[in-house]
Amino acid sequence: MKNSILQQVKQYKGLFIAAPILMIASGLLETMIPLMTTHIVDDGIQQNNISEVLRWGGFMLIFAVSALICALIGNVYSAKASSGLAANLRDALFVRVQKFSFANLDKYGVSSLVTRQTTDVTNIQTAAQTVLTQFFKTPVAVVYSLILTIQLNGKLSLVLMIGVVIIGVLLTLIIVKSIKMYRQVYVDYDKLNQRVQENVTGIRVVKSFAREKKECDGFDESAETVRRGFVKVERLLALNNPIMMLALEFCFVGIAWIGAQFISVGDMTTGDLTGFITYAFQIMSYMAMLVLSFVQLAASFASIRRVQEILNDEPTIKDPENPVSEMNDGAIAFEHVSFRYGEGNGKNVLEDVDLTIRSGEMVGIVGATGSSKTSLINLISRLYDVKEGKVIVGGHDVREYSADALTQNIAVVLQKNVLFSGTIRENLEWGKSNATEEDFAAAARLACADGFIAEKEAGLDSVIEQGGANLSGGQRQRLCLARALIKKPAILILDDALSALDTATESKIRTSLREDMPEMTKLIITQRVGSVQEADRILVLDKGRVSGFDTHENLLKTCAVYRELCAAAEGREAAS
Ligand SMILES: Nc1ncnc2c1ncn2[C@@H]1O[C@H](COP(=O)(O)OP(=O)(O)OP(=O)(O)O)[C@@H](O)[C@H]1O
Ligand SMILES: [Mg+2]
């Protein structure tokens, strides 16, 4: 898999191998220590031999320090490896999302994409850290401890093993149950995240509708569900300790009782028994650690799956093998085009659209809200692909162009304008990175933005806040238009992009577009039917079908839908 999570581990391969090896070494070294206690007790204390005590004590110190150093380096390596993995994952996700088409983005939604790039990656990082430090070390240490206890006393180790198996089974049951519970908690957690995202992004709307109380109540409920879920899992996991303690007590009583008998008949030394009990302790504590790391790993499975899903998802729109990079002119043709959103067999939002637009023509596009005006123009700049038929621009199917060629030659000012934080100049440079002063001036003049830019103290270098919050709606629209015009596109599409302007300014812009950019094909979607009357032709859409495509005068005669739209517009004007 080219884009798997494992791919992102590659860069830190060395650390990912070295860390568990060091941790295993520290576990083995730690495990040897009780063996030395047996010598200290048997050969030193019981024989009253101080030099033996010191000798074995010295060994013990060396082993303990070595174990500590291994664990220390192992932990540092694990931290480096897991945070490196997280950084790579965030990068890979970000790059992938940038490549996504509109259809890909529709599928996930913004908040889910944000959660995947933040919370989910953090979960994976934590799990990676735990796996590297605990997952390999603890089983090896448990097995090695058991082998050493067999050497100390085979029969007694049997008692210990029975204890280990019983605890193992009980803990496995807990793990399995808690993994299931965790899965549910993470589903709820996701919903909570989504709520936060949606509300904080739309906080102004929430406030203007005085929905705060309702939203808070809804949030409380989600937060409470998540809390209950976590408490339930934690309660189950808390059972770990009492079970461990109980099993430990039983084991110790058994070991001490049987051990004492062995000592009395001379089959075992006191030192061996001390060592044995220490091992029993060590084994149990390792097992407890193993359980926790299991649970953490399981909790991250959902995150792994969600991140993997993004990494594996191919952008639905890609450049063809030998893309066309030049666009001859701004002619547009739709050949029996049908289109619907998403996969599957949903309802078509465009049905058998068949039309041609000459290069340089000014076309008004009108139709009731939801009549698929935006959907239609989205196909021209290939934000989505058609389901049936063909969209031909400048003599080629849009699917034959490189994405660059399309963005260079087709400028769209969307219904929802977005400006970015930075200066006005920087925002206009999105349209053309090497724009000259003349380019800026010409674009600003065409978009009627020169006036208010000049009024600003810093002119082109005035700062725009995020989303253009410090500009008026009309100023924002004019800057977006200037940003589109600066690249001198073959086709300009305005999707209700002049709606915030007064009719006089709007008409001035339309006139200068027509007179100064005669070569450029201009598609103007508008709710104000009156404002496109002088367009070369007007396209009337009705429920995803073309209901008329002609001049204003002809449409008045032939198209009932158009007459209705005009009548409604006149009614509005008369009322105001
Ligand atoms: N991203 C999307 N995913 C699914 N359905 C969509 C999406 N965008 C639009 N639609 C649906 O497609 C249909 C046409 O929508 P479209 O936005 O093209 O209408 P419109 O004519 O531009 O309306 P308006 O005048 O309100 O902007 C609507 O029924 C809408 O629900
Ligand atoms: Mg629209």
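Calculation criteria
- Residues numbered from 1 in each chain as written.
- Chains lettered and ligands numbered in written order.
- Predicted model: local features only at pLDDT ≥ 70, side-chain atom pairs only at ≥ 80, totals over all residues.
- Heavy atoms only, no water.
- Helix = DSSP H or I, 4+ residues; strand = E, 2+ residues; numbered from the N terminus.
- Rg over C-alpha atoms; globule rule 2.2 N^0.38 Å.
- Buried < 20%, exposed > 50% of the residue type's maximum accessible area, 1.4 Å probe, protein only.
- Contact = heavy atoms within 4.5 Å.
- Near = heavy atom within 4 Å.
- Polar contact = N/O pair within 3.5 Å; in protein donor to acceptor, adjacent residues only side chain to side chain.
- Areas by Shrake-Rupley, 256 points an atom, 1.4 Å probe, with all protein chains shown as cover.
- Nonpolar A, V, L, I, M, F, W, Y, C, P; charged D, E, K, R; others polar.
- Domains from an automatic or database assignment.
- Salt bridge = Lys/Arg side-chain N within 4 Å of Asp/Glu carboxyl O.
- Axes fitted to C-alpha atoms, helices over the stretch in contact; angles between N-to-C directions.
- Parallel < 35°, antiparallel > 145°, perpendicular 65-115°, else oblique.
- Left-handed = near helix turned anticlockwise from the far one by under 90°.

1. A closer look at the overall build of the chain
Working step 1: A count of helical and extended segments in the chain gives 20 helices and twelve strands.
Working step 2: Against the compact-globule benchmark of 25 Å for 576 residues, the chain has a radius of gyration of 36 Å, which places it well outside the compact range.
Working step 3: Over its C-alpha atoms, taken along the principal directions, the chain stretches across nearly 115 × 50 × 45 Å.
Working step 4: Here the chain, with 576 residues, has 47% of them falling under the buried criterion.
Working step 5: Considering only residue pairs separated by 6 or more positions, the chain has 77% of its internal contacts joining residues 24 or more positions apart.

2. Things to note about the site of ligand 1
Working step 1: In the vicinity of ligand 1, 14 residues are found, and the nearest of them are Thr 369, Lys 373, Thr 374, Ser 375 and Gln 415.
Working step 2: At 2.5 Å from an oxygen atom of ligand 1 is found a side-chain nitrogen or oxygen belonging to Ser 375.
Working step 3: Its free accessible area being 630 Å², ligand 1 has 62% of it covered by the protein chains.
Working step 4: Element by element, the count of residues in the shell around ligand 1 is highest for helix α12 (residues 373-380), at three residues.
Working step 5: By residue class, the composition of the shell around ligand 1 is four nonpolar, eight polar and two charged.

3. Description of the domain arrangement of the chain
Working step 1: Here the chain is described as being made up of domain 1 (5-312) and domain 2 (332-417 + 492-575).
Working step 2: The C-alpha-based centres of domain 1 and domain 2 are spaced at 59 Å.

4. With respect to the pattern of salt bridges
Working step 1: The full count for this structure, using the stated rule, is 22 salt bridges.
Working step 2: Between Lys 107 and Asp 313 there is a salt bridge, and its shortest N-O distance comes to 2.9 Å. Within this pair, whereas Lys 107 is found in helix α4 (residues 102-108), its partner Asp 313 is found in the loop between α11 (270-312) and β1 (332-339), the two being separated by 206 residues in sequence.
Working step 3: Residue Lys 107 is classed as exposed on the basis of its relative accessible area of 54%.
Working step 4: In this structure, a network of salt bridges that share partners links the residues Glu 506, Arg 510, Arg 528 and Glu 534.

5. Considerations on the packing of helix α3 (residues 50-99) against α11
Working step 1: At a minimum axis separation of 9 Å, α3 and α11 run at an interaxial angle of 45°. Classified by the angle their axes make, α3 and α11 are oblique. Along this stretch, α3 crosses α11, giving a crossing that reads as left-handed. On α11, the residues touching Leu 89, Ala 92, Leu 93, Arg 96 and Val 97 of α3 are Val 307, Ile 310, Leu 311 and Asn 312.
Working step 2: Residues of the contact of α3 with α11, tallied by class, amount to seven nonpolar, one polar and one charged.

6. Some thoughts on unusual backbone geometry
Working step 1: Positive phi outside glycine occurs at Asp 352, with the angle close to 45°.
Working step 2: Locating Asp 352 in the fold gives a position in strand β2 (residues 350-357).
Working step 3: Even without being glycine, Asp 496 reaches a positive phi, approximately 50°.
Working step 4: If you trace the backbone, Asp 496 turns up in the loop between β9 (491-495) and α18 (503-516).
Working step 5: On the basis of relative accessible area, Asp 496 is assigned to the buried category, the value being 13%.

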